[in-house]
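Each chain, written out:
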Amino acid sequence: LAYLPAETVIKQRQEHYYALLSEADKHLACSAFIEFLLSAIEASLSEAIATEATALKKTATTQKTTLKTTQNQQAMLALLRSHPQASRKEIASAISGITENGVKYNVKKLQAAGLLQRVGSARTGHWRVPD
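Attention in this report is confined to the structure presented alongside it. Just so we're clear, the structure is a prediction, and the values are computed from it rather than from any experiment.

1. Things to note about the overall build of the chain
Broken down by element type, the chain carries six helices and two strands. Helices and strands in the chain line up, N terminus first, as α-α-α-α-α-α-β-β. Across the 131 residues in the chain, those meeting the buried criterion constitute 23%. Contacts in the chain between residues far apart in sequence, at least 24 positions, make up 46% of those at least 6 positions apart. Total accessible area computed for the chain in this model is approximately 9,700 Å², and 55% of it derives from carbon and sulfur atoms.

2. So, unusual backbone geometry
Leave glycine aside and you will find that most residues have negative phi; peptide bonds, for their part, are mostly trans. Of note, L28 is a non-glycine position whose phi angle comes to about 50°, a positive value. With respect to the helices and strands, the residue L28 is situated in the loop between α2 (14-27) and α3 (31-66).

3. What to know about the packing of aromatic side chains
By the definition in use, this model includes three aromatic pairs. With 5.4 Å between their ring centres and 55° between their planes, Y17 and F33 make a pair best called tilted. Highlighted residues: Y17 in helix α2 and F33 in helix α3, separated in sequence by 16 residues. Here Y17 matches F33 in class, with each residue buried. On the basis of an interplanar angle of 55° and a centroid distance of 5.9 Å, the ring pair of Y17 and F36 is categorised as tilted. One end of the pair, Y17, is in helix α2; the other, F36, is in helix α3, with 19 residues separating them in the sequence. On the accessibility criterion, F36 (5% relative accessible area) is buried.

4. What to know about the environment of Y18
Looking at the secondary structure, you find Y18 in helix α2. The partly exposed category is assigned to Y18, whose relative accessible area is 48%. Each C-alpha atom, one on Y18 and one on F33, is 9.2 Å from the other, the two residues being 15 residues apart in sequence.

5. Observations concerning the nonpolar core
The biggest cluster of nonpolar side chains holds 15 residues, and the ones touching the most others in it are M76, L80, I91, V103, V107 and L116. Every element with two or more residues in this core is listed here: α4 (71-82), α5 (88-94) and α6 (100-112). In terms of residue count, α4 provides more of this core than any other element does, four residues in total. Apart from the residues within four sequence positions on either side, L80 is in contact with A86, I91, L116, W127 and V129. Ranked by size, the runner-up nonpolar core spans five residues in total, among them Y17, A24, F33 and F36.

6. Quick word on the side chain of N106
Of note, N106 is situated in helix α6. By relative accessible area, which is 8% here, N106 ends up buried. Non-local contacts of N106, meaning those with residues more than four positions away in its chain, are made with T70, Q73, M76 and I98.

7. Notes on the packing of α4 against α6
Packing of α4 against α6 brings their axes to within 10 Å, and their N-to-C directions diverge by 80°. Classified by the angle between their axes, α4 and α6 sit roughly perpendicular to one another. Contact with α4, carried on its side by Q73, M76 and L77, involves V103, N106, V107, K109 and L110 of α6 and no other residues of that element. When the residues that make up the contact of α4 with α6 are grouped by side-chain class, the tally is five nonpolar, two polar and one charged.

So, how was this worked out
- Residues numbered from 1 in each chain as written.
- Predicted model: local features only at pLDDT ≥ 70, side-chain atom pairs only at ≥ 80, totals over all residues.
- Heavy atoms only, no water.
- Helix = DSSP H or I, 4+ residues; strand = E, 2+ residues; numbered from the N terminus.
- Buried < 20%, exposed > 50% of the residue type's maximum accessible area, 1.4 Å probe, protein only.
- Contact = heavy atoms within 4.5 Å.
- Areas by Shrake-Rupley, 256 points an atom, 1.4 Å probe, with all protein chains shown as cover.
- Phe/Tyr/Trp six-rings, centres within 6.5 Å; stacked < 30°, edge-to-face > 60°.
- Core = buried A, V, L, I, M, F, W, Y, C linked by side-chain atoms within 4.5 Å.
- Axes fitted to C-alpha atoms, helices over the stretch in contact; angles between N-to-C directions.
- Parallel < 35°, antiparallel > 145°, perpendicular 65-115°, else oblique.
- Nonpolar A, V, L, I, M, F, W, Y, C, P; charged D, E, K, R; others polar.

Remember, this is a structural readout, not a statement about activity or role.
Structure, rendered in structure tokens:
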């Protein structure tokens, strides 16, 4: 955590802060003041952890949404698992409703998502679908 807003919590409890500080000064005993500061740090940590957890949930949801594939992409992956040498033209003819340009577009998307890899050259290589 780069920033811990303990000052904000202390400011919200400012009256209590000054009362405990004064009491610690008068009695030369700072236990209550230290407990107050520790509770302010604890409240700050709790708030920061809750904020971080919310941010992580949003990131996980975004990543999960990004990894969703279309029906055409799923069909392409299934085809390439069983026929890794298939060309764009062969893929387009095997999957109804998709053109060679559509295959090219979806191949790029699948490669960017790490769901499809090209092994070897464009002419003599083959497709690899990671598990």
